[in-house]
Structure formats: structure tokens, C-alpha cells
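One letter stands for each residue in the lines below.
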Amino acid sequence: MKAITFKKFKPVINFPSSANPYYMISVFKTDVSSKVDADSIINSLKRQFPDGKFNFDLEDSDRVFRIEYNKDIIGEVIRLFKVKRFVCEMLI
């Protein structure tokens, strides 16, 4: 039996949500380390984009931030992180 390797596949930046095909999911690497800061960012984004879904994985070494949305908000998300003096880079 031949082993399957994933080296030939390119990573996905944006991909459709399995729950709702009209939504896209994007994943970011951040430097947010506290729950207080994460909650502040999420609350700001929820006010600006009430239909979006946002969550952090602060346990991950990349402090992953995921967004699920129905329109292109990536630029606004990155700008908000910069305003709050945090790094936010799309994972590739």
C-alpha cells in the first residue's frame, strides 16, 4: 500500500464553510496572547460585522484566529488588529 503525502497540495487560505456554502473561512496567525485582548477584538468585529463568526485558539503556537463571513472583510480585520497594535497574518 502506498502512503499518501500532502506535500503536493497547496494550503488553503479561504475555503467554503461546511455549515453554510455562502460563507468563507479564513485563518490567521496572530500575536494575541490574552483572553481579554481576544475578547476585545472579537467584540469589535461583532459590532462591525454582526453576521460574521470569529474565534481564537490561544493554545496554538500561532495563536490562530478564524473568521467565517459572507463577504470580503479580510482587509478590515487586519486593519483592526493593527489599530489595536497586534499582528495578524493570513496563514498560507
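A brief structural summary. Since the model is a prediction, treat every value here as computed from it, not as a measurement.

Within the structure shown, the criterion is met by five aromatic pairs. Relative to F65, the ring of F28 lies with its centre 6.2 Å away and its plane at 40°, an arrangement referred to as tilted. Here the residue F28 occupies a position in strand β2 (residues 24-30), and F65 occupies one in strand β4 (residues 64-69), the gap between them amounting to 37 residues. Accessibility classification places F28 together with F65 in one group, the buried group. Grouping aromatic residues by their ring pairs yields a cluster made of F28, F54, F56, F65 and F81.

Count 3.6 residues to each turn of an α-helix, and residues three or four apart come out pointing the same way. For helix α2 (residues 74-83), the complete set of buried residues consists of I74, V77, L80 and F81. Buried residues along α2 cover an arc of 125° about the axis, so they all sit on one side. Across α2 from its buried face, at more than 90 degrees, point the exposed residues R79, K82 and V83. Remark: R85 follows α2 within two positions and exhibits a positive phi of approximately 65°.

Turning next to the side chain of T30. Summarising the element assignment, T30 is placed in strand β2. Residue class for T30 comes out buried when judged on its relative accessible area of 6%. Polar contacts involving the side chain of T30 include one to the main-chain amide nitrogen of V32, which spans 3.3 Å. Setting aside residues up to four positions removed in sequence, T30 forms contacts with F56, D62, R63, F65, F81, V87 and C88.

Parameters and conventions
- Residues numbered from 1 in each chain as written.
- Predicted model: local features only at pLDDT ≥ 70, side-chain atom pairs only at ≥ 80, totals over all residues.
- Heavy atoms only, no water.
- Phe/Tyr/Trp six-rings, centres within 6.5 Å; stacked < 30°, edge-to-face > 60°.
- Helix = DSSP H or I, 4+ residues; strand = E, 2+ residues; numbered from the N terminus.
- Buried < 20%, exposed > 50% of the residue type's maximum accessible area, 1.4 Å probe, protein only.
- Arc of directions from axis to C-beta.
- Polar contact = N/O pair within 3.5 Å; in protein donor to acceptor, adjacent residues only side chain to side chain.
- Contact = heavy atoms within 4.5 Å.

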